[in-house]
Amino acid sequence: MKYGYILVLGLLISGFTALFSHFVKAEDKDFADFVKQEQESFNSYLDEQERDYAAFVKEVRAKWGEFLGSTQKVWVDYGDQKESRSRVDYEQGYIIVDAIVPKAEENFKELASEKIKSQLKRMVSEKWPIGENPVEDQIEAPNGETLSSTNVDQFIEEDLKDKLKVQPTPVPDKDSKPQQVVSAKIKMVPEHLKIRAGKYKPLVDKYCKKRNLDQSVVYGLIHTESYFNPMARSHIPAYGLMQLVPTSGGRDAYKYVYKKDEKPSAKFLYDPENNINLGTAYLNLTKDVYFKGIKNNTTAYLLTIAAYNTGAGNVAKAITGSTRLGPTVEKANTMSIEEIHHTLREKLPYKETQKYIQKVFNRSKLYRAM
């Protein structure tokens, strides 16, 4: 698997977050030593995660002939026997449910229908690691209803059964007998993004108020990181709404909040309240500790959002050519917002971060009235 670009980003972020235990004197420290120390820890964590993930990938590929995994914006779940799977695209607003059935069976569509129904029930009934259902009130069903465990049988029989599509390429099983993949595509309700954002409003408001953060910026960041997908998982891996890495940002935010040096588990980070609590703490740590002393609030947010994506060291380098934070704050205070924005756009080493800043701020405008 190709993780090169992820590794680069992860190492940059881990270099930034490694500074927590020294945050009081952060502005007087050079980031290079900390980045080097964290690199070994992060690589070890990534190796462990890759081993576990590789075993799962191998098992799925043996069954399907391919592997489709979860991302920040798409939640993929395989059924208990891995003969069905669902893909929820939180960005585009649709769900695809697939089932594998023996091609030789005359009633293979009936078998597929049962497997798809079972997978849909699993999706709309279970609470998952986040403690809630990730598609609640978001899947279209007949008569203006949304799909739930109480109407999924009727939905399959009356609306979906005749729309099942047989994929053209058979999938060989372990005995080289051809199997057919049968799929169903289901729309999410048009306002699915708004529904998810509204669901997390009490938590965003609570922790933004506690940490004196602009709610609209945090909404814009969650929108950009995960499209409010509570099951978001990157290949780093980072988890949950605000995409925290357990060994770096998650750990340092946990230390900042709970005063304990512990690595939060994936299950902990999937919980929306835990994730938003630690994610806003991470922002607070960056804005009010690492970049403490920035006089202009917009400048402070520009630097903070950039650092959330690429690391405070890279942000400092873009401003001053050095990773030292003290001179960065001093220089930033002499620059206009336009100069800060131009400098970040021109001198940050990754174009992805340049686009990230613009996406967060543009999307934050959508949530100013919430």
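For the structure itself, consult the block above.
Conventions used here
Residues numbered from 1 in each chain as written. Predicted model: local features only at pLDDT ≥ 70, side-chain atom pairs only at ≥ 80, totals over all residues. Heavy atoms only, no water. Axes fitted to C-alpha atoms, helices over the stretch in contact; angles between N-to-C directions. Helix = DSSP H or I, 4+ residues; strand = E, 2+ residues; numbered from the N terminus. Parallel < 35°, antiparallel > 145°, perpendicular 65-115°, else oblique. Left-handed = near helix turned anticlockwise from the far one by under 90°. Contact = heavy atoms within 4.5 Å. Buried < 20%, exposed > 50% of the residue type's maximum accessible area, 1.4 Å probe, protein only. 1 Å grid on protein atoms, 1.4 Å probe; cavity = no way out; pocket = protein on both sides within 12 Å on 5 of 7 lines; lining within 4 Å. Points joined across faces, edges and corners; volume = space filled by probe spheres on them. Nonpolar A, V, L, I, M, F, W, Y, C, P; charged D, E, K, R; others polar. Pairing = 2+ DSSP bridges. Phe/Tyr/Trp six-rings, centres within 6.5 Å; stacked < 30°, edge-to-face > 60°.

Enquirer: It is not clear to me how the packing of helix α10 (residues 272-290) against helix α11 (residues 297-310) should be interpreted in this structure. Could you clarify?
Expert: Two quantities define a packed helix pair, namely the angle between the helix axes and the distance between the axes. Orientation of α10 relative to α11, taken along the N-to-C sense of each, is 120°, at an axis distance of 9 Å. In terms of orientation, α10 and α11 fall into the oblique class. α11 is crossed by α10, and the crossing has right-handed handedness. For the pair α10 and α11, contact is made by G279, Y282, L283, T286 and K287 and by N297, A300, Y301, T304, I305, A307 and Y308, respectively.

Enquirer: What am I meant to see in the environment of Q358 here?
Expert: Relative to the helices and strands, Q358 is located in helix α15 (residues 351-364). On the accessibility criterion, Q358 (34% relative accessible area) is partly exposed. Separated by 52 residues in sequence, Q358 and A306 have C-alpha atoms that sit 9.7 Å apart.

Enquirer: Mind showing me how you'd approach empty space enclosed by the protein here?
Expert: Using a probe with the size of a water molecule, rolled over the atoms, empty space left in the structure can be pinpointed. Following the criterion strictly, the structure yields two cavities of 30 Å³ or more and no others. In this structure, the largest cavity encloses a volume near 50 Å³. A141, P142, N143, E145, N151, Q154, F155 and E158 together form the lining of the largest cavity. Here the lining of the largest cavity is composed, by residue class, of three nonpolar, three polar and two charged.

Enquirer: When you look at the pairing of strand β3 (residues 94-102) in this model, what are you seeing that I'm missing?
Expert: Side chains on a regular strand alternate between the two faces of the sheet. Most of β3 sits inside the fold, with seven of its nine residues counted as buried. Of the pairings in the sheet, the one linking β3 to strand β6 (residues 178-187) comprises nine bridges and is antiparallel in character. The residue of β6 that forms the bridge with I95 is I186.

Enquirer: What should I look at first to understand the packing of aromatic side chains in this one?
Expert: The geometry of an aromatic ring pair is captured by two quantities: the separation of the ring centres and the angle between the planes. The full count for this structure, using the stated rule, is 13 aromatic pairs. Their ring planes at 80° and their centres at 6.0 Å tell us that F56 and Y78 sit as a pair that is edge-to-face. Remark: Y78 occurs in strand β1 (residues 74-78) and F56 occurs in helix α2 (residues 31-64); sequence separation between them is 22 residues. On the accessibility criterion, F56 (31% relative accessible area) is partly exposed. Classification of Y78 by relative accessible area gives buried; the value is 7%. For the pair Y282 and Y308, a centre-to-centre distance of 5.2 Å together with 90° between the ring planes defines the contact as edge-to-face. Taken together, the residues Y282 in helix α10 and Y308 in helix α11 connect sequence positions 26 residues apart. You'll find Y282 and Y308 in the same group, each marked buried. Pairwise contacts between aromatic rings join F56, W64, F67 and Y78 into one cluster.

Enquirer: Would you explain the layout of surface pockets in this entry?
Expert: The space that makes up the second largest pocket amounts to roughly 360 Å³. As for the second largest pocket, its lining consists of 16 residues, of which F56, S70, W75, V76 and R233 are closest to the centre. Among the elements of the structure, α2 and β1 are those that each provide at least two residues to the lining of the second largest pocket. With four residues, the single largest contributor to the lining of the second largest pocket is β1. Residues of the lining of the second largest pocket, tallied by class, amount to 11 nonpolar, two polar and three charged.

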